[in-house]
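Geometric and topological summary
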Amino acid sequence: MEGWYIEKGPESDVVMSSRVRLARNFKDYPFPFKMSREDAEKVVERVKDAILNRSIATSNYEFKDMLKMNPIDKQALVEKHLISPNLVNERVPSAAIISKDEKVSIMINEEDHLRIQCLFPGLQLDKAWELCDKIDSLLEENIDYAFSEKYGYLTCCPTNLGTGIRASAMLHLPALTMTGYIRGMLDACGKLGIAVRGIYGENSEALGNLFQISNQITLGLSEEEIINNVTNIGNQIINQERTLRAELYRQNPYRFEDKVYRSLGILSNARIISSEESFKLISDVRLGVDMGIIKNIDVAKLNEILLYIQPANLQKIFDRTLSPDERDIKRADLIREKLGIN
Amino acid sequence: MLCQKCQKRVANIQITQIVNNNKQVIYLCEQCAREEGKFITGSPLSVNDFFSSMIGFPVRTSVGEQQLVCDKCGMSYEEFKKVGKFGCENCYKVYGEKLTPLLKRLHGNLQYHGKLPKKVSEDVKVSREIEYLKEQLNNAVKNEEYEKAAEIRDRIRELEKNSAS
């Protein structure tokens, strides 16, 4: 099984993944929401040409036409964070070019003509930016970007103006959540220009204690400064989380281990399980693994489970559409199988 | 209370309908309400919806502003104020100045400090070289080094010709 998520990255006990995304637009074409179908097709062709027909490791990239893909496959890509839900709207032809190891995804005709995205495990925003930068420079050889010396890269939405960069990291913060200290963290981040949101779940409550931090400002700072800001704040959050985890354990090791093992117990034995419950339990087990309490499961396996329990990916594994009830059963089957239990 | 349709999820939406003077109240969960088309969530409030207030202008557009329309994509400043998005790169030229307060609120510093596309950075390099040469030209003329001045002048002309393309 390929994918960046089976690699272990730095600080992986707290940081699941890092992502850098660049927004770019062609000169001489309106932005996607004002484009004609023909223009949109032309843009898709030009990007395809710039990447797949040149020597930029063509065998490593796959072209995915959003107009031709079926909804479940598209949703599966969204669940993998390879494309955004916005790309799936069918107002104009859109596409994505994705590397086989799923580290790189280039979206065409999302909100901007181009969204170049790089995903790395753990906290590696600098590496993700390096790769994005490289791909951007390569694309730029064949594409004239909309750019002004005053504003930088011109984007559809003013919130992306300038560098067009969004640097984000996905963090697992069970101790900060459990102790309630996460509120203070959210406030502090807001004041420092860092946005925080829960990744799964509809409200501000984050499912599975998973949060994403990202920069809010894209103009006035260099890309390196932005990357460093998010990385530094990430590191501070990591330290706080680790300290709190150690403290929680110290205060009552038996209760701590009990919670972790009970969750593992349910995951290993349930016959029916919802995705909300799965997220919650996986978070507990992950904490146990991170702290060395649970020794025979590795984080890569948990990442894999976290991905395949989601609706579209789950249905792809069983190769047919499933009703919500069927999904809950198959999910439980999948989890037990991945954990090596019959 | 459980949703009256699916009987599974918690009902957190109360819908009151008045049909032919009869009042009906039904309780649905969000999902069923959406499916029934009775609960219009639309797209959630996004930051773009707040832009108009940040631009800091009165709600009614002045006559001068009404005429601000991008000649390339046809998007008007009026429309921008509603959706918070630009139609094309030219829009920035047409009504970009109006946005200074908004951009200040979003980003703080308005001076671009990021990566330069290769083609652009070359232009910047060339224009700086031209300025430098012009200075040299002035000095040469002052010192009555007319031959040197002529050489410099030719170089400047060449650079200007190339960069004008």
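Described below are features of the structure shown in this document. (Residues numbered from 1 in each chain as written. Chains lettered and ligands numbered in written order. Predicted model: local features only at pLDDT ≥ 70, side-chain atom pairs only at ≥ 80, totals over all residues.)

1. A look at the overall build of chain B
Selection criterion: We count a stretch as a helix when DSSP gives it H or I for four or more residues in a row; a strand needs E for two or more, and each element gets its number in order from the N terminus. For the exposure call, what matters is how many other C-beta atoms sit within 10 Å of a residue's own: 20 or more marks it buried, 12 or fewer exposed, and in between partly exposed, using C-beta atoms placed from the backbone.
Broken down by element type, chain B carries 8 helices and 2 strands. Starting at the N terminus and ending at the C terminus, chain B contains elements arranged as β-β-α-α-α-α-α-α-α-α. Taking all 165 residues of chain B together, the buried fraction comes to 18%.

2. Section: the overall build of chain A
Put simply, the rule is: Contact between two residues is assigned whenever their backbone-derived C-beta positions fall within 7 Å.
Along its length, chain A carries 11 helices and 10 strands. Considering only C-alpha atoms, chain A reaches an extent of 65 × 45 × 35 Å along its principal axes. Expressed as a percentage of its 342 residues, the buried residues of chain A come to 47%. Contacts in chain A between residues far apart in sequence, at least 24 positions, make up 67% of those at least 6 positions apart.

3. Re the packing of helix α2 (residues 71-79) of chain A against helix α10 (residues 311-318) of chain A
Residue and element names in this part refer to chain A. Convention followed: Lines fitted to C-alpha atoms define the axes, with helix axes restricted to the stretch in contact, and inter-axis angles between N-to-C directions lie between 0 and 180 degrees. Geometric relationships in this document are graded by angle, where less than 35 degrees denotes roughly parallel, more than 145 denotes roughly antiparallel, 65 to 115 denotes roughly perpendicular, and other angles denote oblique. Crossing handedness follows the turn of the near helix against the far one: under a right angle anticlockwise gives a left-handed crossing, and clockwise gives a right-handed one. Ten residues, namely Ala, Val, Leu, Ile, Met, Phe, Trp, Tyr, Cys and Pro, are considered nonpolar, four, namely Asp, Glu, Lys and Arg, are considered charged, and the remaining ones, Gly among them, are considered polar.
Direction vectors running N to C along α2 and α10 enclose 125 degrees, while the axes themselves pass 7 Å from each other. Considering the angle they form, α2 stands oblique to α10. Crossing of α2 over α10 shows left-handed handedness. Across the interface between the two elements, Ile72, Gln75, Ala76 and Glu79 of α2 pack against Ala312, Asn313, Gln315 and Lys316 of α10. In the contact of α2 with α10, the residues fall into 3 nonpolar, 3 polar and 2 charged.

4. Quick look at the interface of chain A and chain B
At the interface, 30 residues of chain A touch 27 residues of chain B. Residue classes in the side of chain A that touches chain B are distributed as 15 nonpolar, 9 polar and 6 charged.

5. Examining helix α9 (residues 299-308) of chain A
All names here are of chain A. Our working definition: To obtain the arc, one takes the directions from the helix axis to the C-beta atoms.
Residues of α9 that are buried: Val299, Leu302, Asn303, Ile305 and Leu306. Along α9, the residues classed as buried sweep out an arc of 160 degrees about the axis, all on the same side. Lining the buried residues of α9 we find β1 (15-24), α8 (275-290) and α11 (324-338).

6. Some thoughts on the nonpolar core
Residue and element names in this part refer to chain A. Convention followed: Any nonpolar core is a set of buried residues, restricted to Ala, Val, Leu, Ile, Met, Phe, Trp, Tyr and Cys, that join up through C-beta atoms within 7 Å.
In terms of nonpolar packing, the biggest core is built from 90 residues, with Ala96 and Ile106 touching the most fellow members. The residues contacting Ile106, other than those within four sequence positions of it, are Val47, Ile51, Ala96, Ile97, Leu114 and Ile116. Residues Leu281, Val285, Val299 and Leu302 belong to the second largest nonpolar core, which totals 20 residues.

7. Some details on the sheet that holds strand β8 (residues 165-172) of chain A
Residues and elements named next belong to chain A. The test is simple: Note on pairing: two strands pair once DSSP finds at least 2 bridges between them.
Across the sheet, 8 strands lie side by side as β2-β3-β4-β5-β1-β8-β10-β9; this open sheet has antiparallel pairing. In this open sheet, the two strands that pair with only one neighbour each are β2 (61-65) and β9 (194-198). The average angle at which neighbouring strand axes cross in this sheet is 20 degrees, direction not considered. As judged from the 8 bridges shared by β1 and strand β5 (residues 114-121), these two strands associate in the antiparallel manner. Within β5, the position partnered with Arg24 by the bridge is Leu114. Each of β2, β3 (95-99), β4 (104-108) and β5 is contacted by helix α1 (residues 37-52), which is oriented at about 155 degrees to β4, the strand it contacts most.

8. What about the pairing of β4(A)?
On a regular strand, each side chain points to the face opposite its neighbour's, so the side chains alternate between the two faces of the sheet. Residue and element names in this part refer to chain A. Across the 5 residues of β4, 5 count as buried, placing the element largely inside the fold. Alternating residues of β4 divide into Val104, Ile106 and Ile108 and Ser105 and Met107, and every residue in both groups is buried. Pairing analysis gives 4 bridges linking β3 to β4, with the strands arranged antiparallel. Residue Ile98 lies in a different strand from β4, and its bridge partner there is Ser105. Relative to β5, β4 runs antiparallel, the two being bridged by 5 bridges. Bridge assignment links Ser105 to a residue of β5, and that residue is Gln117. Between the end of β4 and the start of β5, which pair antiparallel, lie 5 residues, with Asn109 showing a positive phi angle near 65 degrees.

9. Quick notes on helix α6 (residues 223-251) of chain A
Cut-off, in case you're wondering: In a helix, the anticipated span is given by 1.5 Å times the number of residues less one.
For α6(A), built from 29 residues, the straight-helix expectation of 42 Å at 1.5 Å per residue is met to within 8% by its first-to-last C-alpha distance of 42 Å. A:Glu223, A:Ile226, A:Ile227, A:Val230, A:Ile233, A:Gly234, A:Ile237, A:Glu241 and A:Arg245 are the residues of α6(A) that are buried.

10. Some details on unusual backbone geometry
Residue and element names in this part refer to chain A. The backbone phi angle of Glu11 is positive, close to 55 degrees, even though this residue is not glycine. As for its placement among the helices and strands, Glu11 is situated in the segment before β1. Positive phi, close to 60 degrees, is recorded for Asp319, a residue that is not glycine. One can find Asp319 in the loop between α10 and α11. On the basis of neighbour count, Asp319 is assigned to the exposed category, with 6 C-beta atoms found within 10 Å.

11. A short note on the packing of helix α3 (residues 125-140) of chain A against α6(A)
The angle between the axes and the distance between the axes are what describe a pair of packed helices. Residues and elements named next belong to chain A. The interhelical angle for the contact between α3 and α6, taken along N-to-C directions, is 155 degrees, at an axis separation of 9 Å. As far as their axial angle goes, α6 and α3 are roughly antiparallel. Taken as a pair, α3 and α6 cross one another with a handedness that is right-handed. For the pair α3 and α6, the contacting residues are Leu125, Asp126 and Trp129 in the first and Glu223, Ile227, Val230 and Thr231 in the second. Tallied by class, the residues present in the contact of α3 with α6 amount to 4 nonpolar, 1 polar and 2 charged.

Keep in mind these numbers describe shape, not what the thing actually does.
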